[in-house]
Amino acid sequence: MAEINNFIKTIMEKDLKDGKVNQIVTRFPPEPNAYLHIGHARAIINDFELAKCFNGKTNLRFDDTNPVNEGEEYVNAIIEDLKWLGYTPDLICFGSDYFEKTYEKAILLIKKGLAYVDDLSQDDMTKYRGTLTEPGINSPFRNRTIEENLNLFERMRNGEFKDGEKTLRAKIDMSSPNINMRDPVMYRILHVSHHRTKDKWCIYPMYDFAHPLQDAFEGVTHSLCSIEYDNHRPLYDWFVEKCEMEHVPHQYEWGRLNITNTIMSKRYLRQLVEGNYVIGYDDPRMPTLVGLKRKGFTPEAIKEFILYTGLSRINSTTDAENLDYFLREDLKLKAIRPNAIINPLKVVIDNYPENQIEWLDASNNMENEQLGTRKIAFGKYLYIEQDDFMEEKINKKWKRLSLGLEVRLMHAYFIKANSVEKDENGNVTLVHCTYDPKTKSGSGFDERKPNGTIHFVEATTSLKATFNLFNPLIFDETEETKGQSFIERLNKNSWEIKHGYVESSLADCKEGTHYQFVRNGYFCVDKDSKKSNLIFNRTCGLKSSFNPNTNN
RNA sequence: UGGGAUAUAGCCAAGCGGUAAGGCACCAGAUUUUGAUUCUGGCAUUCACUGGUUCGAUCCCAGUUAUCCCAGCCA
């Protein structure tokens, strides 16, 4: 695996060397209200790998301070995703585990005159907050006595007020140019049942107040988050200091990772699922970890991708090509390489006996002998790929079958095309060939070189199969699609289905097994596959394709 | 428009005062029973721009420009 190396690691090394910390402790803090996607994978992998570098620890802490939309379903899914990526947290905990301790710290701030109960309505609070260019105005409730605040806050907890009636706010500076410092809300009233604490609480702490305290309670040394929290760091530090936390955690930010042609926002992903535009969160076109897994991605490929892509404070958009590369790289030696024909063209070997099938030895992966060999069938009737035949060789680069030319059928014989049959539209429906028995694979025959090597499947023994070809769910922003909603821009051809044939050795293939089909890329057996109707999901394409019409 | 962050090739990304790492993509050639893989070579005289300091600047300073984030009782 690639060695992790980024600016956060440099910071950690220095902190350790300077004796600022004795052990690195990080945390991955998802809110349990969505499925994890490739963007989260970046946080997970960096959190865990950085700690691992220094024999540190990493906690999985569910940030469940807003019971609306949060739930058990997501908690379990996130734990499963982490397991799939190969990470075991040193501690699994919840923000709600600290509700009591967090409440006590709020009391402390009230007693220090640094927090107050506010009666302002939501609309008024917005007005009092000011704008980006104008300072805010102090709330008329800002100078309540400590006793009054203590009393009111306790009554908030006891459920004496309705949602939105009161809030607890930190008393900082309404004229701060950093809007986060303009008396941020610490607690709001929500008469909502929490998935873990049920109805015990009706006031819930806000992220800005809860998060730094949780980090401090757990002894987190390096609290890593994305760059949009940069503006929150002064507040983070303010709460840690004013709450007199024994342990002082520090927040560091990195840029978000986007991938070309990929929708990553929680809101959009939810819209896709709820609007039935995709099968579910594990639809192979989704950038969720479960989706990538079902499409055929391996955790190793995702890790390598993240580590090689690096980390900086810039929000970046990486070409999806990079993701594909690391999957190809991982699968190269793992995948079995059987024959599959996606767009079949019939071939008949005129000089081969009727009703005879020959079973030939074929290597599963010539670069990895450990994957063994299998038997493939050869007979009078074959299927080849339509793209592999052209009546006339139109240019020097053409390395496939044409009339009068000879090609090697992989793992089998040389065949020569002699004539074709066509339908009423002039399309080739059958190619008449002859084979040369002397050219059998492995015989060492080298008297003449074929025009190329193509793959095939024997017609009578092959199995029918369905191939799922996935394209990006959305188009790039173009002139025509500009201004359209995201749903309107959905790629109508994001899922193409092809029906073809695979060799008989795939009769007992298992879900999740990877195959590389020659010139068609890598495929993974989908969970819906049954022997009678094999289903393969394309995981990624090969590196380059050849278009006979555009090459000279 | 106030504050903050960022700017290195088509895309990521090292570099932290001594003369531009690496990966993807791309191009050329060799090998090849996959037009894949593998191998070999090529790919920033310049670091958003303009000045300044310095023997010397991607790096320090000043100004300019561009992009992103912040006005939830979301996280």
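Right, let's walk through the structure included here. As the structure is a computational prediction, the values presented were derived from the model and not from experiment. (Residues numbered from 1 in each chain as written. Chains lettered and ligands numbered in written order. Predicted model: local features only at pLDDT ≥ 70, side-chain atom pairs only at ≥ 80, totals over all residues. Heavy atoms only, no water.)

### Side note on the overall build of chain A
Right, on to step 1. Regarding its fold elements, chain A presents 12 helices and 26 strands.
Right, on to step 2. The C-alpha radius of gyration of chain A comes to 31 Å, more than 25% above the 24 Å expected for a compact globule of 552 residues.
Right, on to step 3. Dimensions of chain A, computed from C-alpha atoms along their principal axes, come out at roughly 100 × 50 × 45 Å.
Right, on to step 4. With 552 residues in all, chain A has 51% of them scored as buried.
Right, on to step 5. In chain A, 71% of the contacts between residues at least 6 apart in sequence involve partners at least 24 apart. (Helix = DSSP H or I, 4+ residues; strand = E, 2+ residues; numbered from the N terminus. Rg over C-alpha atoms; globule rule 2.2 N^0.38 Å. Buried < 20%, exposed > 50% of the residue type's maximum accessible area, 1.4 Å probe, protein only. Contact = heavy atoms within 4.5 Å.)

### Re the protein's contact with RNA strand B
Right, on to step 1. With respect to spatial proximity, 65 residues lie near RNA strand B, and among them Asp230, Arg337, Ser441, Gly442 and Arg519 are the closest.
Right, on to step 2. Taking Tyr207, its main chain carries an N or O atom lying 3.0 Å from a phosphate oxygen of RNA strand B.
Right, on to step 3. A distance of 3.1 Å separates a sugar or linking oxygen of RNA strand B from a polar side-chain atom of Arg408.
Right, on to step 4. Counting residues per element, the ones that place at least two in the surface near RNA strand B are helix H5 (122–129), strand S6 (185–189), strand S11 (316–318) and helix H12 (320–331).
Right, on to step 5. With five residues, H12 is the single largest residue contributor to the surface near RNA strand B.
Right, on to step 6. For the surface near RNA strand B, the residue count by class is 21 nonpolar, 25 polar and 19 charged. (Near = heavy atom within 4 Å. Polar contact = N/O pair within 3.5 Å; in protein donor to acceptor, adjacent residues only side chain to side chain. Nonpolar A, V, L, I, M, F, W, Y, C, P; charged D, E, K, R; others polar.)

### As for the environment of Arg256
Right, on to step 1. Take Arg256: it is sitting in the loop between strand S9 (250–254) and strand S10 (257–259).
Right, on to step 2. Judged by its relative accessible area of 40%, Arg256 is partly exposed.
Right, on to step 3. Taking C-alpha positions, Arg256 is 8.8 Å from Arg42, a pair spaced 214 residues apart along the chain.
Right, on to step 4. Excluding its chain neighbours within four sequence positions, the residues that come into contact with Arg256 are Arg42, Ser226, Glu228, Ile314, Asn315 and Ser316.
Right, on to step 5. A polar contact is formed between the side chain of Arg256 and the side chain of Glu228, at a distance of 2.7 Å.

### Some remarks on the sheet that holds S6
Right, on to step 1. The strand order S4-S5-S6-S7 describes an open sheet built from four strands, whose pairing is antiparallel. A single partner strand is all that each edge strand has here, and the edge strands are strand S4 (115–118) and strand S7 (203–205). The sheet shows a mean angle of 20° between the axes of neighbouring strands, direction not considered.
Right, on to step 2. Direction of pairing for S6 relative to S7: antiparallel, over a ladder of three bridges. When the bridges of S7 are listed, Arg188 appears paired with Tyr204. (Pairing = 2+ DSSP bridges. Axes fitted to C-alpha atoms, helices over the stretch in contact; angles between N-to-C directions.)

### Concerning empty space enclosed by the protein
Right, on to step 1. Evaluated as defined, the whole model comprises three cavities of 30 Å³ or more.
Right, on to step 2. Asn339, Ile376, Ala377, Phe456, Val457, Glu458, Thr461, Ser462, Glu503 and Ser504 together form the lining of the largest cavity.
Right, on to step 3. Of all the elements in the fold, those that place two or more residues in the lining of the largest cavity are strand S15 (373–379) and strand S21 (456–458).
Right, on to step 4. Of the residues forming the lining of the largest cavity, the biggest block, three residues, is contributed by S21.
Right, on to step 5. There is about 40 Å³ of room inside the second largest cavity.
Right, on to step 6. In this structure, the second largest cavity is lined by Ile4, Asn5, Asn6, Asn46, Ile306, Leu307, Gly310 and Leu311. (1 Å grid on protein atoms, 1.4 Å probe; cavity = no way out; pocket = protein on both sides within 12 Å on 5 of 7 lines; lining within 4 Å. Points joined across faces, edges and corners; volume = space filled by probe spheres on them.)

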